[in-house]
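Read off the chains here:
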Amino acid sequence: MSQARHAIEAEPRYRAWMLAAATSMAVVAVGVGGAVFTLGGGGDSDVVSAANRYRPLAGWWQVEIEDRSGAGCLDPGCPMSVRRWQAERAPTAGELRKSIEAAGWSDPGVDGDCRPSGNRTGAFPLCTARASDDGMELTLTVQQADSYDVTLTVESR
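Only a predicted model underlies this, so the values are computations on that prediction, with no experimental measurement involved. (Residues numbered from 1 in each chain as written. Predicted model: local features only at pLDDT ≥ 70, side-chain atom pairs only at ≥ 80, totals over all residues. Heavy atoms only, no water.)

**Notes on helix α3 (residues 93-102)**
Here is step 1 of the chain: Among all positions in α3, only A93, L96, S99 and I100 are buried. Along the long axis of α3, the arc covered by the buried residues comes to 130°, so they all point the same way. Exposed and facing more than 90 degrees away from the buried side of α3 are K98 and A102.
Here is step 2 of the chain: Residues of α3 that are buried make contact with β1 (60-68), β3 (109-111), β4 (124-133) and β5 (136-144). (Buried < 20%, exposed > 50% of the residue type's maximum accessible area, 1.4 Å probe, protein only. Helix = DSSP H or I, 4+ residues; strand = E, 2+ residues; numbered from the N terminus. Arc of directions from axis to C-beta. Contact = heavy atoms within 4.5 Å.)

Dropping the structure here:
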């Protein structure tokens, strides 16, 4: 085979390899860009603002703040903002209701009486308060363990 003929036959293979390499680089670039966009940010600003409006009761100390967006929001109900406190004493259902209303959420409902029980061991919920507004849902759960855990979750619906 002559060198000219060999060069002519090799050219389509070279173009195919170059096209495959360019396509692969484009796919990688789009994937990296999508990952940066998805993982970036600290949560939807409306959800975070709504969670930050809630003020804990006296005697609560904060132990966790988590704002989920991006990869953490592949599940329904995202973006989500979570705040967790520990408390010296269990709040009453009325105190929870008033604290939620003070944060700008109307008509919260409380399931359970929030009263601690001395005859149970392990972590279990004492009560759960719920409210919704502006496309968001607030859930405030009080659990009894060694101390009292209070978890606030604000989710986009």
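After that view of the structure, there is still more to cover.
**Comments concerning the environment of L96**
Here is step 1 of the chain: Mapped onto the elements of the fold, L96 is located in helix α3.
Here is step 2 of the chain: Among the residues examined, L96 registers a relative accessible area of 0% and is labelled buried.
Here is step 3 of the chain: Remark: the alpha-carbon pair of L96 and A129, spanning 33 residues in sequence, is separated by 7.2 Å.
Here is step 4 of the chain: Among residues more than four places away in sequence, those in contact with L96 are Y54, W60, P91, C114, C127, L140 and V142.

**Some words on the nonpolar core**
Note that soluble globular proteins tend to have their nonpolar side chains buried in a common cluster.
Here is step 1 of the chain: Counting residues in hydrophobic clusters, the biggest one holds 28 residues, and the most contacted among them are Y54, L96, I100, W105, L140, L152 and V154.
Here is step 2 of the chain: Contributions of two or more residues to this core are made by α2 (45-53), β2 (80-87), α3, β4, β5 and β6 (148-156).
Here is step 3 of the chain: Examining the composition of this core, we find that 5 residues originate from one element, β4, more than from any other. (Core = buried A, V, L, I, M, F, W, Y, C linked by side-chain atoms within 4.5 Å.)

**Considering the sheet that holds β4**
Here is step 1 of the chain: Here we have 6 strands laid out as an open sheet, ordered β1-β2-β6-β5-β4-β3, and antiparallel in their pairing. Bordering the open sheet on either side are β1 and β3, each of which pairs with just one other strand. Averaged over neighbouring strand pairs, the angle between their axes works out to 15° when direction is ignored.
Here is step 2 of the chain: Across 3 bridges, the pairing between β3 and β4 is antiparallel. When the bridges of β4 are listed, D111 appears paired with T128.
Here is step 3 of the chain: Its contacts with the sheet place α2 against β1, β2, β5 and β6, and it is angled at close to 20° to β2.
Here is step 4 of the chain: Relative to the sheet, α3 contacts β1, β3, β4 and β5, its axis offset from that of β5 by approximately 150°. (Pairing = 2+ DSSP bridges. Axes fitted to C-alpha atoms, helices over the stretch in contact; angles between N-to-C directions.)

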